[in-house]
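Residue strings, one per chain:
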Amino acid sequence: MEYFIQQLINGLTLGAIYGLIAIGYTMVYGIIGMINFAHGEIYMIGAFVSFIAFLVLGAVGITYIPLALLVVLLLAMVFSAIYGWSVERIAYRPLRGAPRLSPLISAIGMSIFLQNYVQILQGARVKAMQPLISGGFTLMEHDGFTVTISYLQIFIIVLTIVLMAVFATVIGKTALGRAQRACEQDRVMASLVGVNVDRTISLTFVMGASLAAVAGLMVTIYYGVIDFYIGFLAGIKAFTAAVLGGIGSMPGAMLGGLLIGLVEAFWSAYFSIEYKDVAVFSILVLVLIFRPTGILGKPEVDKV
Amino acid sequence: MTTATAPTRLLEVEHLTMRFGGLVAIDDVSFSANDKEITAIIGPNGAGKTTVFNCLTGFYKPTVGRLTLHHPKGDFLLEQMEGFRIPQKASVARTFQNIRLFPQMTVLENLVVAQHNVLMSASAFSLAGLLGLRRYKDAERESIELARYWLDKVGLLDRADIDAGNLPYGDQRRLEIARAMCTEPVLLCLDEPAAGLNPKESAELNELLLFIRDSHKIGLLLIEHDMSVVMKISDHVIVLDYGCKIADGSPEAVRDDPNVIRAYLGEDEDEELPPEVLADLKIDTPKPQNMPGSE
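Predicted model, so just to flag it, every value in this text is computed and none were measured.

Secondary structure assignment for chain A yields 11 helices and four strands. Relative to the globule expectation of 19 Å for 304 residues, the C-alpha radius of gyration of chain A, 19 Å, shows essentially globular dimensions. For chain A, the C-alpha atoms occupy an extent of roughly 65 × 50 × 35 Å along the three principal directions. Across chain A, contacts joining residues at least 24 apart in sequence account for 75% of those joining residues at least 6 apart.

A separate point is the overall build of chain B. The helix and strand inventory of chain B stands at 12 helices and 10 strands. Across the 295 residues of chain B, 45% fall into the buried class. A separation of at least 24 residues holds for 68% of the contacts in chain B among residues at least 6 apart in sequence.

A few words now on the pairing of strand β9 (residues 236–241) of chain B. Residues and elements named next belong to chain B. Within β9, five of the six residues are buried, which leaves the element mostly enclosed by the surrounding structure. Strand direction decides the pairing type here: strand β3 (residues 38–42) and β9, joined by four bridges, are parallel. Paired with Ile41 across the strands is Ile238, a residue of β9. With five bridges joining them, β9 and strand β10 (residues 244–249) adopt antiparallel strand pairing. Bridging from a neighbouring strand, Leu240 pairs with Lys245 of β10.

Residues and elements named next belong to chain B. Its domain assignment divides chain B into domain 1 (1–91 + 185–295) and domain 2 (102–183). Taken together, the 12 residues of domain 1 in the interface contact 11 residues of domain 2. Those elements giving two or more residues to the side of domain 1 that touches domain 2 turn out to be α2 (85–88), β7 (187–191) and α8 (199–216). Among the elements that take part in the side of domain 1 that touches domain 2, α8 stands out by supplying four residues, more than any other. Classifying every residue of the side of domain 1 that touches domain 2 by side-chain character gives nine nonpolar, two polar and one charged.

Turning our eyes to something else, we now look at the sheet that holds strand β5 (residues 74–77) of chain B. Residues and elements named next belong to chain B. An order of β2-β1-β4-β5 is seen for the four strands of this open sheet, with the pairing classed as antiparallel. Pairing within the sheet leaves two strands with one partner each, and these edge strands are β2 (23–34) and β5. On average, each strand axis in the sheet is tilted by 15 degrees relative to the strand beside it, whichever way the strands run. Where strand β1 (residues 9–20) meets β2, eight bridges bridge the pair, whose relative direction is antiparallel. Residue pairing in the sheet places Leu16 in a bridge with Val29 of β2. On the sheet, helix α1 (residues 49–56) packs against β1, β2 and β4 (64–71) and is oriented at approximately 110 degrees with respect to β1.

With that settled, the discussion passes to the sheet that holds strand β6 (residues 92–94) of chain B. All names here are of chain B. Spatially, six strands are ordered β6-β7-β8-β3-β9-β10 in an open sheet, and the strand pairing comes out mixed. Of all strands in the sheet, those with a lone pairing partner are β6 and β10, marking the two edges. Pairwise comparison of adjacent strand axes, ignoring direction, gives a mean angle of 15 degrees for this sheet.

Turning to helix α7 (residues 169–182) of chain B, a few remarks are in order. In an α-helix, one turn spans 3.6 residues; hence positions three or four apart end up facing the same way. Residues and elements named next belong to chain B. The first and last C-alpha atoms of α7 sit 20 Å apart over 14 residues, in line with the 20 Å expected at 1.5 Å per residue. The set of residues buried in α7 consists of Gln172, Arg173, Arg174, Leu175, Glu176, Ile177, Ala178, Arg179, Ala180, Met181 and Cys182. Residues of α7 that are buried make contact with β6, α3 (107–113), α6 (134–153), β7 and α8. Immediately beyond the C-terminal end of α7, within one or two residues, lies Glu184, with a positive phi of roughly 55 degrees.

Attention now moves to unusual backbone geometry. All names here are of chain B. Of note in the backbone geometry, His15 takes a positive phi value of approximately 50 degrees without being a glycine. Examined against the element boundaries, His15 turns out to sit in strand β1. On the neighbour-count criterion, His15 (12 C-beta atoms within 10 Å) is exposed. Positive phi, close to 55 degrees, is recorded for Glu184, a residue that is not glycine. Tracing the chain through its elements places Glu184 in the loop between α7 and β7.

Right, let's talk about the interface of chain B and chain A for a bit. On the side of chain A, 20 residues touch chain B, which itself brings 26 residues to the contact. Elements with a contribution of two residues or more to the side of chain B that touches chain A: α2, α3, α4 (116–122) and α5 (127–131) of chain B. A per-element tally of the side of chain B that touches chain A places α4 of chain B first, with four residues. A breakdown of the residues in the side of chain B that touches chain A according to their chemical character gives 12 nonpolar, 10 polar and four charged.

Attention now moves to the nonpolar core. Generally speaking, a soluble globular protein has its nonpolar side chains buried in company with each other. Ile17, Ile21 and Ala215 of chain A are the most contacted members of the largest nonpolar core, which totals 173 residues. Among the elements that take part in this core, helix α1 (residues 2–32) of chain A stands out by supplying 15 residues, more than any other. Built from parts of two domains, this core gets at least three residues from each of domain 1 (1–91 + 185–295) and domain 2 (102–183) of chain B. The residues contacting Ile17 of chain A, other than those within four sequence positions of it, are Ile156, Ala215, Met218 and Val219 of chain A.

The subject of this paragraph is the confidence of the model for chain B. Across chain B, the average pLDDT comes to 80, with 83% of residues at 70 or higher. Across the whole predicted complex the pTM is 0.82, and at the interface the ipTM reaches 0.74.

The subject of this paragraph is the environment of Val72 of chain A. Residues and elements named next belong to chain A. Along the polypeptide, Val72 turns up in helix α3 (residues 65–92). A tally of 24 C-beta atoms within 10 Å means that Val72 is categorised as buried. For the pair Val72 and Tyr270, spaced 198 residues apart in sequence, the C-alpha to C-alpha distance is 36 Å. If near-sequence neighbours (up to four positions away) are discounted, Val72 is found in contact with Ser50, Ala53, Phe54, Leu57 and Leu217.

Turning next to the packing of helix α9 (residues 230–245) of chain A against helix α11 (residues 276–290) of chain A. The description of two helices packed together rests on the angle between their axes and the distance between the axes. Residue and element names in this part refer to chain A. Two numbers describe how α9 lies on α11: the axes approach to 10 Å, and their chain directions differ by 35 degrees. The element α9 and its partner α11 pack so that their crossing is left-handed. Mapping the contact onto sequence places Lys237, Thr240, Val243 and Leu244 in α9 and Val280, Phe281, Ile283, Leu284, Val287 and Leu288 in α11. The class makeup of the residues in the contact of α9 with α11 is eight nonpolar, one polar and one charged.

All names here are of chain A. Two elements in contact, α1 and α9, have axes whose closest approach is 8 Å; the angle formed by their N-to-C orientations is 70 degrees. Taken together, α1 and α9 sit at an angle that is classed as roughly perpendicular. Residues Tyr18, Gly19, Ile21, Ala22, Tyr25 and Thr26 of α1 form the contact with α9, whose participating residues are Ala234, Gly235, Lys237, Ala238, Phe239, Ala241, Ala242 and Gly245. Considered class by class, the residues forming the contact of α1 with α9 number nine nonpolar, four polar and one charged.

Calculation notes
- Residues numbered from 1 in each chain as written.
- Chains lettered and ligands numbered in written order.
- Predicted model: local features only at pLDDT ≥ 70, side-chain atom pairs only at ≥ 80, totals over all residues.
- Helix = DSSP H or I, 4+ residues; strand = E, 2+ residues; numbered from the N terminus.
- Rg over C-alpha atoms; globule rule 2.2 N^0.38 Å.
- Contact = placed C-beta atoms within 7 Å.
- Buried ≥ 20, exposed ≤ 12 C-beta atoms within 10 Å, placed from the backbone.
- Pairing = 2+ DSSP bridges.
- Domains from an automatic or database assignment.
- Nonpolar A, V, L, I, M, F, W, Y, C, P; charged D, E, K, R; others polar.
- Axes fitted to C-alpha atoms, helices over the stretch in contact; angles between N-to-C directions.
- Expected span 1.5 Å × (residues − 1).
- Core = buried A, V, L, I, M, F, W, Y, C linked by C-beta atoms within 7 Å.
- pLDDT = per-residue confidence, 0-100.
- Left-handed = near helix turned anticlockwise from the far one by under 90°.
- Parallel < 35°, antiparallel > 145°, perpendicular 65-115°, else oblique.

Have a look at this one:
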């Protein structure tokens, strides 16, 4: 039982990170109907920016952790947002109106490019960082097994909840969110009521990228090791989460992320850690076969 | 049905030509539309009416021609503007032959999103909206008030909170007009607003359009097949056939124009005109509804 609860906490933490990345996939899919395969790389860049920012802050002597975290968070979001914006501007916007396959191929190209770009600039070696926040609460103790939730896990889960609330408000209540939903439903008509569709799409990429950056920051401080290749696996898993939750649906992405995190944690705990990725991707296959619209996705109804 | 003051030019279309490869959809068409008047564009199927609209609203770049809008803020050359700036800056709104609402937004939201630009500048790209600043809240309250005003005018006030996609057909048509009006246009382009409406709905539509002309003092441009609408409410009628303008004038003058009769009925002079077609062209009273989707 204690073991179960511990895995539940670990799974939720991991799931929060996947969920934040998955939102980027789902938002972009919602608005322009393409899978942005370079999104995992944006997350990786977010992790690298966080890593570098921590080193720089340490070098200039800012060691008060809440302040450092806040500064790094903002830097990671801003830099990743610039990358996200540029990727859309360079690789996708010129292909608007092209067949659906073209931006997809362009996205894969962008993903490979960004991986190699970071590999060349930062080197291929794994980067490691001292744990920043240690300690936590002991929830229960039984037969020598303690269930703990670390401050870091609390930080990750709370920050995720806060960001979800902020983004849900933006989408649901503000003019920008309304424009995004309008573009999702009918891009031509949105432009006819005066919505700048290109700018709305750009802002969607910016929002998705800044959430991925937060996930990158979280993974940097949670695991303490990053390399140029982390975006690939995390990206595909977050994509699985988005599909599981129902691609195009924001709550679905978060729910899918949590489920994928839990599956991974429990599979590692009760079966074999080597096959955790297989377990996750089996879900992708099963969902695509049996419920392609995902848990919260709306089925497309064709009126005859 | 002219207004008391001398009409002012709102829209001037000069030598508009639109070619798609070898196909000439519009061939050197010039006309103008006055402010505070209803100008109807009629013509047989394939005459190029919707293409004119598409040029006006930035969907197509005309091959040749100048489209000048005399806006209170100055003149705009519509053929040179980016699509989304035409509603934004030049205040031209349009509706579609096949209705294009945002089906998964509520009726009210459909009208609020049409005021996107006002809200966007008031909210400084949603930042103020997120922080719940007063400035944004005021702007949003005003936009909801305007939306409610138009919902009241089109009789949908009690349905403000249901999804637009769930409205019956006639209501969707009226909502589309209300949404166009929420952008606060100076020129409203309506592509077959009466298509698929029953005679009662069609009569209500006439009243709505006259109300918009008289109370909001804007120009309306109307594509319509339903002659009961065209003859009853238009101040000015333009007839297109095969991409060329064949008549231009008051409804009465156009109705009796031999070119128009020939375009609608064919060249054969010996043939007796079928009485129901004559009725379509001449009689003012509402007639049974058009076949929906007649184009």
